[in-house]
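# Commentary on secondary and tertiary structure
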Amino acid sequence: MRLASSAARRLAKLSQIEGRALMLRVAVDGGGCSGFQYRFELVESAEGDDLRIEADGQAALVDPVSVPFLKGSEIAFVDELAGAQFVVNNPNAASSCGCGVSFSI
């Protein structure tokens, strides 16, 4: 798993705006139109069993249950006409929905 420079830059900017260090928690939950969905949350601290992924002085956190679903993935930030958001480029996903938030394996 890797945190792309685009995601690290966005996390740094969000931390600057908020005036406190923030990390991105990424989790996989059951549900969504394709079976699984990504959940993103900005947090200030990690849980003891989180996997910590760092890039450019910024960090993303993944809980142990979500790690197998995200193996080999890249967490990025995209700013496109359709909107600006964190995304997961997941090689394990057999298919995904149009919004990019849910996927199947």
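Refer to the structure printed above.
Residues numbered from 1 in each chain as written. Predicted model: local features only at pLDDT ≥ 70, side-chain atom pairs only at ≥ 80, totals over all residues. Heavy atoms only, no water.

## Notes on the overall build of the chain
The condition that has to hold: Secondary structure counts use DSSP, requiring at least four H or I residues in a row for a helix and at least two E residues in a row for a strand, with both numbered from the N terminus. For every residue, the accessible area (1.4 Å probe, protein chains only) is compared with the maximum for its type, and the residue is labelled buried under 20%, exposed over 50%, or partly exposed between those bounds. The contact criterion used is simple: two residues touch if any of their non-hydrogen atoms lie within 4.5 Å. Areas reported here follow the Shrake-Rupley algorithm with a probe of radius 1.4 Å; residue values treat only the protein chains shown as occluding.
What the chain contains, in helices and strands, is two helices and nine strands. For the chain, the sequential pattern of α-helices and β-strands runs β-α-β-β-β-β-α-β-β-β-β. Counting the 105 residues in the chain, one finds 38% classified as buried. The long-range share in the chain, meaning contacts at least 24 apart out of those at least 6 apart in sequence, stands at 48%. A total accessible area of about 5800 Å² is found for the chain, and carbon and sulfur atoms account for 49% of it.

## What about unusual backbone geometry?
Here the phi dihedral of aspartate 56 falls at roughly 50°; this positive angle occurs in a residue that is not glycine. Looking at the secondary structure, you find aspartate 56 in the loop between strand E4 (51-55) and strand E5 (58-62). The class for aspartate 56 is exposed, based on a relative accessible area of 58%.

## Quick notes on the nonpolar core
Put simply, the rule is: The definition of a nonpolar core used throughout is a set of buried Ala, Val, Leu, Ile, Met, Phe, Trp, Tyr and Cys residues joined through side-chain atoms within 4.5 Å.
By size, the foremost hydrophobic cluster in this structure holds 19 residues, and its most contacted members are Leu3, Leu24, Val26, Leu70, Ile75 and Phe86. Sorting the residues of this core by element identifies helix H1 (5-18), strand E2 (23-30), E4, E5, strand E6 (74-80) and strand E7 (83-89) as the ones contributing at least two each. By residue number, the principal contributor to this core is H1, which donates four residues. Other than its neighbours up to four places away in sequence, phenylalanine 86 contacts Ala7, Arg10, Leu11, Leu14, Leu24, Phe40, Ala76 and Phe77.

## Some thoughts on H1
Put simply, the rule is: To estimate the expected span of a helix, count its residues, drop one, and scale the result by 1.5 Å.
Taking 1.5 Å of rise per residue, the 14 residues of H1 would be expected to cover 20 Å, and the 20 Å separating its terminal C-alpha atoms lies within 8% of that figure. All buried positions along H1 are accounted for by Ser6, Ala7, Ala8, Leu11, Leu14 and Ser15. Positive phi appears at glycine 19, one or two residues downstream of H1, with a value of about 75°.

## Overview of the pattern of salt bridges
Heads up, the condition is: Criterion for a salt bridge: a side-chain nitrogen of Lys or Arg within 4 Å of a carboxyl oxygen of Asp or Glu.
Applying the stated criterion to the full structure yields seven salt bridges. Ionic pairing is found between aspartate 50 and arginine 25, a salt bridge with its closest N-O pair at 2.8 Å. Here aspartate 50 is found in the loop between strand E3 (36-43) and E4, whereas its partner arginine 25 is found in strand E2, with 25 residues between them in sequence. With respect to class, aspartate 50 is no different from arginine 25; both count as buried.

## Quick word on the pairing of E7
Test applied: Two strands are said to pair when DSSP picks up at least two bridges between them.
With seven bridges connecting them, E6 and E7 associate as antiparallel partners. Bridged to glutamate 80 within E7 is glycine 83. The hairpin formed by E6 and E7 contains two residues between the paired strands.

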